[in-house]
Amino acid sequence: MNFEGMKMIVANLKSVLVISILVTLSMMCNSTDRSNVINYESKGNLKVINPINCIALSELKSNITPPDLYYGIRNCIENENYSFGFKLQALAGVYGRYDSLRVTDSTAHQANTTLRINFLGNLSESKISKYQEFIKNNYISNSENMEALCKEIITIGKPNYFPDYMISHGLRGYSVGNNGINESFNGESSWKQTLDSYLHCKIE
């Protein structure tokens, strides 16, 4: 990859990752008054099935869901293990984006944002700020670390679970009479699209 191409990747990453962290911080700062927030709840909605601790990506398989990952992300940030936390959040973001491509109900696609509110919304401002600063210093400004992260996520592979957590989060749920998945969904092409659009990873 040439220098100009790498500069473009880093610039694009800022538009995805920094905004995501800033949104999380904003949610945390406003978490003291959530009386106006309406959260749709139903069976299976954002349910944590296999909660994880703050662990390395190498210990994970593709059956781990975003709710399970966010359980671990919170654990990482609380214990100031920002490296593992960011990697888990990157995987959660990739998997959430992939799931939004296969789930037909558009009202369900905000599931990943809601997970950030639920799991990170009441963390201390100090830890969130340190987390944000770590990401800027070690990933946004370091293309080699980002390429290594891409390889780790590609090694784990595309999601190997049914996205019940997201389908149940939507207003339509299973009421449309099918399993909630787009019938024309193509897993392989969607995986490549997700890696490219979310983390700008290239998959052969």
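Procedures and definitions
- All residue numbers refer to position in the chain's written sequence, counted from 1.
- Only residues with pLDDT of at least 70 are given local features in this predicted model, and only at 80 or more are side-chain atom pairs given and counted; all residues enter the totals for whole chains, interfaces and linings.
- Excluding hydrogens and water, the side-chain figures rest on all heavy atoms present in the structure.
- Elements are defined by DSSP. Helices are runs of H or I of four residues or more, strands are runs of E of two residues or more, and each kind is numbered from the N terminus.
- Between buried and exposed lies partly exposed: a residue is buried under 20% and exposed over 50% of the maximum accessible area for its type, with that area taken using a 1.4 Å probe on protein chains only.
- By definition, residues are in contact when any of their heavy atoms lie within 4.5 Å.
- Areas reported here follow the Shrake-Rupley algorithm with a probe of radius 1.4 Å; residue values treat only the protein chains shown as occluding.
- The salt bridge criterion pairs a side-chain nitrogen of Lys or Arg with a carboxyl oxygen of Asp or Glu, the two atoms within 4 Å.
- Helices are assigned an expected span. That span is 1.5 Å times one less than the residue count.
- Put simply, buried Ala, Val, Leu, Ile, Met, Phe, Trp, Tyr and Cys residues joined by side-chain atoms within 4.5 Å make one nonpolar core.
- Any pair of N or O atoms that falls within 3.5 Å is considered a polar contact. Within protein, one atom must be able to donate a hydrogen and the other to accept it, and sequence-neighbouring residues count only if both atoms are side-chain atoms.
- Axis definition: a line fitted to C-alpha atoms, over the contacting stretch in the case of helices. Angles run 0 to 180 degrees between N-to-C directions.
- Roughly parallel covers angles under 35 degrees, roughly antiparallel covers those over 145, roughly perpendicular covers 65 to 115, and oblique covers all other angles.
- For any helix crossing, the convention is left-handed if the near helix is rotated counterclockwise from the far helix by under a right angle, and right-handed if that rotation is clockwise.
- Confidence scores labelled pLDDT are given residue by residue by the predictor and lie between 0 and 100.

A. Broad picture of the overall build of the chain. Assigned secondary structure in the chain consists of 8 helices and 0 strands. The helix and strand sequence of the chain, counted from the amino end, reads α-α-α-α-α-α-α-α. For the chain, the residues scored as buried account for 48% of the 204 residues in total. Partitioning the contacts of the chain with sequence separation of at least 6, the portion at a separation of at least 24 is 79%. Carbon and sulfur atoms make up 49% of the accessible area of the chain, which amounts to about 10300 Å² in all.

B. Broad picture of the pattern of salt bridges. Following the criterion strictly, the structure yields 4 salt bridges and no others. Linking Glu78 and Arg74 is a salt bridge whose minimum nitrogen-to-oxygen distance equals 3.2 Å. With Glu78 and Arg74 both in helix H2 (residues 66-78) and 4 residues apart, the pair spans about one turn of that helix. Between Lys87 and Glu152 there is a salt bridge, with its nearest N and O atoms 3.0 Å apart.

C. Here's a closer look at H2. In a regular helix each residue adds 1.5 Å, so 13 residues correspond to 18 Å; H2 covers 18 Å between its end C-alpha atoms and thus fits that length. Among the 13 residues of H2, 10 are classified as buried, and the element is accordingly described as predominantly covered. Residues of H2 that are buried: Pro66, Pro67, Asp68, Leu69, Tyr70, Gly72, Ile73, Arg74, Cys76 and Ile77. On its buried side, H2 packs onto helix H3 (82-102), helix H4 (111-120), helix H5 (125-140) and helix H7 (164-167). Backbone geometry just after H2 places Glu80 at a positive phi near 60 degrees.

D. Here's a closer look at the nonpolar core. Formed by 49 residues in total, the largest nonpolar core has its most connected members in Leu60, Leu91, Ile153 and Leu199. Listed by contribution, the elements that provide at least two residues to this core are H2, H3, H4, H5, helix H6 (143-156), H7 and helix H8 (187-199). If one sorts the elements of this core by residue count, H3 sits on top with 9 residues.

E. Inspection of the side chain of Ser190 at higher detail. By the element assignment, Ser190 lies in helix H8. Only 2.8 Å separates the side chain of Ser190 from the backbone oxygen of Asn186, close enough to count as a polar contact. Apart from the residues within four sequence positions on either side, Ser190 is in contact with Tyr98, Leu101 and Phe185.

F. Quick look at H8. Between the first and last C-alpha of H8 there are 17 Å, a value that for 13 residues agrees with the 18 Å anticipated at 1.5 Å per step. Here H8 starts with a cap whose side-chain oxygen sits 3.2 Å from the backbone nitrogen of Glu188, and that cap is Asn186. Positive phi appears at His200, one or two residues downstream of H8, with a value of about 55 degrees.

G. Broad picture of the packing of H6 against H8. Where H6 contacts H8, the two axes come as close as 12 Å, and the packing angle between them is 155 degrees. It follows from the interaxial angle that H6 and H8 lie roughly antiparallel. Crossing geometry of H6 relative to H8 is assigned as right-handed. The residues of H8 that touch H6, namely those facing Met146, Cys150, Ile153 and Ile154, are Trp191, Leu195 and Leu199.

H. View of the confidence of the model for the chain. In the predicted model, the chain carries a mean pLDDT of 80, and the fraction of residues at 70 or more is 75%. The spread of mean pLDDT over the elements of the chain runs between helix H1 (residues 3-29), the lowest at 45, and H3, the highest at 96. Low pLDDT, under 50, characterises residues 1-15; the stretch is placed with 16 contacts to residues that sit more than four places away or in other chains. Note on residues 21-43: pLDDT is under 50 here. Beyond four places in sequence and across chains, it has 37 contacts.

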